[in-house]
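Chain residues, written in single-letter form:
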Amino acid sequence: MTQRSKIDAEGPEPGGGSGGGSSAGAHAGAAIDAGAAIDAGAELDPVHPVAPPAPLFRAGGLTAAAVAERIARGAVNDVPVRSSRSTTDIVRGNVFTRFNAIIGVLWLIMLFVAPIQDSLFGFVIIANTGIGIVQELRAKKTLDGLAVIGEAKPTVRRDGRAAEISTSEIVLDDVIELGPGDKVVVDGVVGEADGLEIDESLLTGEADPVLKKPGDQVMSGSFVVAGGGAFTATKVGREAYAAQLAEEASRFTLVHSELRSGISTILKYVTWMMIPTSIGLIISQLVVKGNDLDDAIARTVGGIVPMIPEGLVLLTSVAFAIGVVRLGRKQCLVQELPAIEGLARVDVVCLDKTGTLTEGGMDVTELRTLGGADPGYVHKVLGALGESDPRPNASLQAVIDAYPDEEDWRCTESLPFSSARKYSGASFSEGDGETSTWLLGAPDVLLPPGDPALEEVTALNEEGLRVLLLARSARELDDPQVAGGAKPTALIVLEQRLRPDAADTLRYFDEQNVHAKVISGDNAISVSAVAAKLGLPGAENTVDARALPAEQAEMAQELDKNAVFGRVTPQQKRDMVGALQSRGHTVAMTGDGVNDVLALKDADIGVSMGSGSEATRAVAQIVLLNNSFSTLPSVVAEGRRVIGNITRVATLFLVKTVYSVLLALLVVCWQVEYPFLPRHLTLLSTLTIGVPAFFLALAPNKERARPHFVRRVMRYAIPGGVIAAVATFVTYLLARHHYSGPGALDAETSAATLTLFLVSMWVLAIIARPYTWWRVALVASMGGAFLVVLVVPWLQDFFQLKLVGTTMPWTAVAVAAAGAAAVEFTFRWVDRRFPA
């Protein structure tokens, strides 16, 4: 009889709930039976040095009345689990920025001192901010919907029955069942334990699982690695230790990203450059030249506004948000936004075979008895073993399906399966009074080297089949050497179901120069055969992880040389991720089982299947809710699109910042009027940066993201900005000598604007490479739009742009051509001299 059927038969214990609101003898609102309090050396909570008295364990759980009473007094696990920022946070984050504040003040000034044309930059900022808010709200809606789908559903006993409920519905004193892979969602005290091993590494850093017994404490944030049991909730809601882990695991975040931190670094330096430059420009225009006050203010603002790369922050947020929405449509939950960026940088992906390359289920295809064992008796043993485990893994479930329990054997002791141990076991009292102890697990672990049965196993493994050994032990189940001298009785041959999309996904990684490493706890030969069927490059390079060196550098060398690893323990998976990272690799780890949790946590990017254990979903940054391995290329492609394109368009924004700062400095040094009004630079920014950047940021991009974002961007932005500023200022000085009389400043501004536009257009043309029809059309349409402004009279008047004569305009074109050639040569030289 299984644990769950026992509960149903027994029903709730007398007084199973506090019901009627009685609180006599209660401790912190929990129903405590002082006489039955357990003091079995329970572990101390790291936050509270004194362990509280253990509550009375009621196997049947609370009654409906007791649950209602606790809900009424607020003893509910009400920690809000959010997958995204609140709407208020989104609006605040997009509106109240440092640069919006600066631009807002300048915009208000311009509304009072200049025509509306010179205030256009303010309306552009409003539109940009609105776009950012709308896109992030779309991402929030997508994430919130996906988070509900992927939410953990713990099994809780109430009124003598077990049922899955939402984490937020748990109340104080609820009895919560635990099985392999389950995450402990609230603090509590163990009431039942059947080989229950809890991993608390996410809380304490200790990798070794802790064996829990009745009376021991369990803390939220830990998870079950082996065995099963049940515990009573003693702290719920915000009182629970590490209660925030569940919230943080699914929160929409824009931090801890090389891209965003790089942009923040750039903006910090821009701010420091702006302050002295702006002061110098203000003094130059207001004091030295003694210009008309309104015109001086307008030209000062015109010099300050383009220094601010405000659109770069917006575009990054929009690109990330659109990425989240696109992936959400493919049932991919991005629990931490920078994961999109991280996966784009990945060059090694470690794949767990079971549940990733193969589907979760298996089928028993053959049973081979050994040593003359009676097949009928073996069937009985397998049926009893299946019945002994209330939470079977995929292998044991296949055995249960093939050999249902038809005997009245009583299980006297059981040993749950453990990934580290590689086998499970049980002791039985057979119906005729006989007792026996059986083990079921990996043949090469249970049998000594050279055993004749291993030859059969190897032959089956080479066909890609999985093999379990049934062995009878002469020792007690709690003997550490229980497997020693076990008598092999039968081989159970299992066929694994390959994922139909796995081969195409592996081919994609190979084409994208991402090295795939298959890391599995199964037999190395069997894993190699599966990998070969799927066409994994290097599948023949197979290593038994038990022979791997423990030293990190040597392990890393073996990992680089080989592609398939079998018999890997959970701790080894973690060590292998660390070894690959030590060689400079960016590592992604996929998995769905509890044995993958430690490696998922340490990998640069953890990817979990939606059907995986609660623990794996909690620590993974990306959850494939549709359990489709084929979704992974979409995530990689989305990440590469976002990072590659933002790196590309950031150059456009920062070239503008560099030339704006340098032009202001040149104006201050030469003591001349600033050549541009805000309307001129608003026009230039829109045509050479704003509109093209939006389209380029959303274009396909398959190039793997590379590190050193700031260096990669600034190596182009600085020389490009310097050349643009010098060319523009040269044209401006030539125009000042060429024109004179009324209207001279407007003519000079028009010539300088033409040069700056043409040089900026050439920078755009370089950034838009490699050309496709739509990229060519984009660049051409921006040039056409500027030409329309120059030839349509009312647009000439609106933007105060009119080319006077022919000599100076063609001179401006010539200077721009020289500047464009200098930009082309410099960018190519930078590519060779300073490769990223």
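Everything below is about the structure shown above.
Figured I'd write up the structure that's included with this text. Everything quoted here is computed from the prediction, not taken from an experiment.

Attention shifts here to the overall build of the chain. Helix and strand counts for the chain stand at 28 helices and 21 strands. For the chain, with 836 residues in total, the buried portion stands at 57%. Here the contacts in the chain between residues at least 6 apart in sequence split such that 74% fall between residues at least 24 apart. In the form shown here, the chain has an accessible surface area of approximately 33,500 Å², with 58% of it arising from carbon and sulfur atoms.

Of all hydrophobic cores here, the largest spans 136 residues; its most connected members are L343, L536, I622 and F786. With 18 residues, helix α22 (residues 632-670) is the largest single contributor of residues to this core. In this structure, L343 is in contact with A588, I605, I622, L632, V635 and V636, ignoring residues within four places of it in sequence. Counting residues in each nonpolar core, the second largest holds 26 residues, with C350, V543, V594 and L600 among its members.

All right, on to the packing of helix α4 (residues 98-113) against helix α9 (residues 293-304) then. Direction vectors running N to C along α4 and α9 enclose 150°, while the axes themselves pass 10 Å from each other. Our classification of the angle between α4 and α9 gives roughly antiparallel. The hand of the α4/α9 crossing is left-handed. Along the contact surface, α4 presents L106, I109, M110 and V113, while α9 presents D294, I297, A298, V301 and I304. Partitioned by chemical class, the residues of the contact of α4 with α9 number eight nonpolar, no polar and one charged.

Between helix α25 (residues 744-767) and helix α28 (residues 807-833), the least distance of the axes is 8 Å, while the angle of their chain directions is 30°. Compared by their axis directions, α25 and α28 come out roughly parallel. For the pair α25 and α28, the sense of crossing is right-handed. In contact with A751, L754, T755, L758, V759, W762, V763 and I766 of α25, α28 contributes M808, P809, A812, V813, V815, A816, G819, A820, V823, E824 and F827. When its residues are assigned to classes, the contact of α25 with α28 shows 16 nonpolar, two polar and one charged.

Under the definition given, this model contains 28 salt bridges. In this structure, R828 engages E824 in a salt bridge whose closest nitrogen and oxygen atoms are separated by 2.8 Å. Residue R828 and its partner E824 are both found in helix α28; the two are separated by four residues, about one turn of the helix. E824 sits in the buried class, given a relative accessible area of 13%. What emerges from the salt-bridge pattern is a single network uniting E69, R70, R73 and D173.

Moving on: the side chain of D596. With respect to the helices and strands, D596 occurs in the loop between β19 (587-591) and α20 (597-602). Those residues in contact with D596 that lie beyond four places of it in its chain are D352, K573, M589 and G591.

Once that is clear, we can look at helix α13 (residues 394-402). Taken together, the buried positions of α13 are S395, L396, A398 and V399. Looking straight down α13, one finds its buried side chains confined to an arc of 155°; they lie on one side.

Right, let's get into the packing of aromatic side chains. Using the criterion set out here, one finds 12 aromatic pairs in the structure. Between Y508 and F509 the ring centres are 5.9 Å apart and the planes differ by 65°, which places this aromatic pair in the edge-to-face class. The burial state of Y508 is the same as that of F509; both residues are buried. Through pairs of rings, three or more aromatic residues link up here, namely Y377, W409, F428 and W438. In this structure, R421 packs its charged tip against the face of Y423, placed 6.0 Å from the ring centre.

A turn of α-helix holds 3.6 residues, and therefore any two residues three or four places apart point the same way. Between its first and last C-alpha, helix α26 (residues 773-791) extends 27 Å over 19 residues, near the 27 Å set by a 1.5 Å rise per residue. The complete set of buried residues in α26 reads R775, L778, V779, M782, F786, V789 and L790. What you see down the axis of α26 is that its buried residues fit within an arc of 125°, all on one side. Exposed residues pointing more than 90 degrees away from the buried face of α26 are listed as W773, A780, L787 and V791.

Cut-offs used in this document
Residues numbered from 1 in each chain as written. Predicted model: local features only at pLDDT ≥ 70, side-chain atom pairs only at ≥ 80, totals over all residues. Heavy atoms only, no water. Helix = DSSP H or I, 4+ residues; strand = E, 2+ residues; numbered from the N terminus. Buried < 20%, exposed > 50% of the residue type's maximum accessible area, 1.4 Å probe, protein only. Contact = heavy atoms within 4.5 Å. Areas by Shrake-Rupley, 256 points an atom, 1.4 Å probe, with all protein chains shown as cover. Core = buried A, V, L, I, M, F, W, Y, C linked by side-chain atoms within 4.5 Å. Axes fitted to C-alpha atoms, helices over the stretch in contact; angles between N-to-C directions. Parallel < 35°, antiparallel > 145°, perpendicular 65-115°, else oblique. Left-handed = near helix turned anticlockwise from the far one by under 90°. Nonpolar A, V, L, I, M, F, W, Y, C, P; charged D, E, K, R; others polar. Salt bridge = Lys/Arg side-chain N within 4 Å of Asp/Glu carboxyl O. Arc of directions from axis to C-beta. Phe/Tyr/Trp six-rings, centres within 6.5 Å; stacked < 30°, edge-to-face > 60°. Lys NZ or Arg CZ within 6 Å of the ring centre and 35° of its normal. Expected span 1.5 Å × (residues − 1).

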